[in-house]
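Chain by chain, the residues:
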Amino acid sequence: MSQLPRQQKKRRDSNKSWSRFGKHHPPPPPPKHEEPPSPPPPKKPDQSALNNYYATVRKIIESKKRYPEEAKRREEEGTVLVRFTIDEYGNVKDASFFRSSDSNILDKETLKLLKSLKFPPPPEGKPITLNLEIEYKLN
């Protein structure tokens, strides 16, 4: 008879769900599968940095702009609305007209000007697309 209680004791000890006090503890819950945290929303560029950059671009264009002699002789004036992208290195890409000045000479000069310029890299080092009016007015 002494043999039987020992076997029962062994079974109790080998069963991990039994505590030393003889009470049954449920197995721990399975680990929860947690989704990795979502990345933060994209940061909006600093508006003052964009405004400063826009002013710098405009200043560079105005300092390099020239009035074509033929347009002066014809007394042609106008405003060209252009759209262009400045890549992360400051190079102009994809320059096109949004609105013509109604002067083929001024329009061509504007595209030629934009393609010849080098700008500082845009804020945050990412390409930026600008719409800009370039005015040609005789004094």
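One can find the structure itself at the top, above this paragraph.
Residues numbered from 1 in each chain as written. Predicted model: local features only at pLDDT ≥ 70, side-chain atom pairs only at ≥ 80, totals over all residues. Heavy atoms only, no water.

## A closer look at helix 4 (residues 104–116)
In this model, helix 4 (13 residues) spans 18 Å end to end at C-alpha, consistent with the 18 Å of a helix rising 1.5 Å per residue. If you check which residues of helix 4 are buried, you get Ile105, Leu106, Asp107, Glu109, Thr110, Leu111, Leu113 and Leu114. On its buried face, helix 4 is in contact with helix 2 (47–64), helix 3 (69–73), strand 1 (78–86), strand 2 (92–99) and strand 3 (128–136). (Helix = DSSP H or I, 4+ residues; strand = E, 2+ residues; numbered from the N terminus. Expected span 1.5 Å × (residues − 1). Buried < 20%, exposed > 50% of the residue type's maximum accessible area, 1.4 Å probe, protein only. Contact = heavy atoms within 4.5 Å.)

## Topic: the pattern of salt bridges
Scanning the entire structure with this criterion turns up 6 salt bridges. Glu109 serves as the salt-bridge partner of Arg66, at 3.5 Å between the closest nitrogen and oxygen. Taken as a pair, Arg66 in the loop between helix 2 and helix 3 and Glu109 in helix 4 lie far apart in primary sequence, 43 residues in all. In the salt-bridge network here, residues are joined through shared partners; they are Glu70, Arg74 and Glu76. (Salt bridge = Lys/Arg side-chain N within 4 Å of Asp/Glu carboxyl O.)

## Considerations on helix 2
Compared with an ideal rise of 1.5 Å per residue, which puts 18 residues at 26 Å, helix 2 spans 26 Å between its outermost C-alpha atoms and is within 8% of the ideal. Of all the residues in helix 2, the buried ones are Tyr53, Val57 and Ile61. Angular distribution of buried residues about the axis of helix 2 spans 70 degrees; they occupy a single face of the element. Exposed residues lying more than 90 degrees from the buried face of helix 2 are Asn52, Lys59 and Ser63. (Arc of directions from axis to C-beta.)

## Digging into the sheet that holds strand 3
With respect to topology, 3 strands assemble into an open sheet ordered 2-1-3, the strand pairing being antiparallel. In this open sheet, the two strands that pair with only one neighbour each are strand 2 and strand 3. Ignoring which end each strand starts from, the neighbouring axes of this sheet average 25 degrees apart. Here 5 bridges tie strand 1 to strand 2, and the two strands are oriented antiparallel to one another. Residue pairing in the sheet places Thr85 in a bridge with Lys93 of strand 2. Docked against the sheet, helix 2 engages strand 1 and strand 3, running at close to 40 degrees with respect to strand 3. (Pairing = 2+ DSSP bridges. Axes fitted to C-alpha atoms, helices over the stretch in contact; angles between N-to-C directions.)

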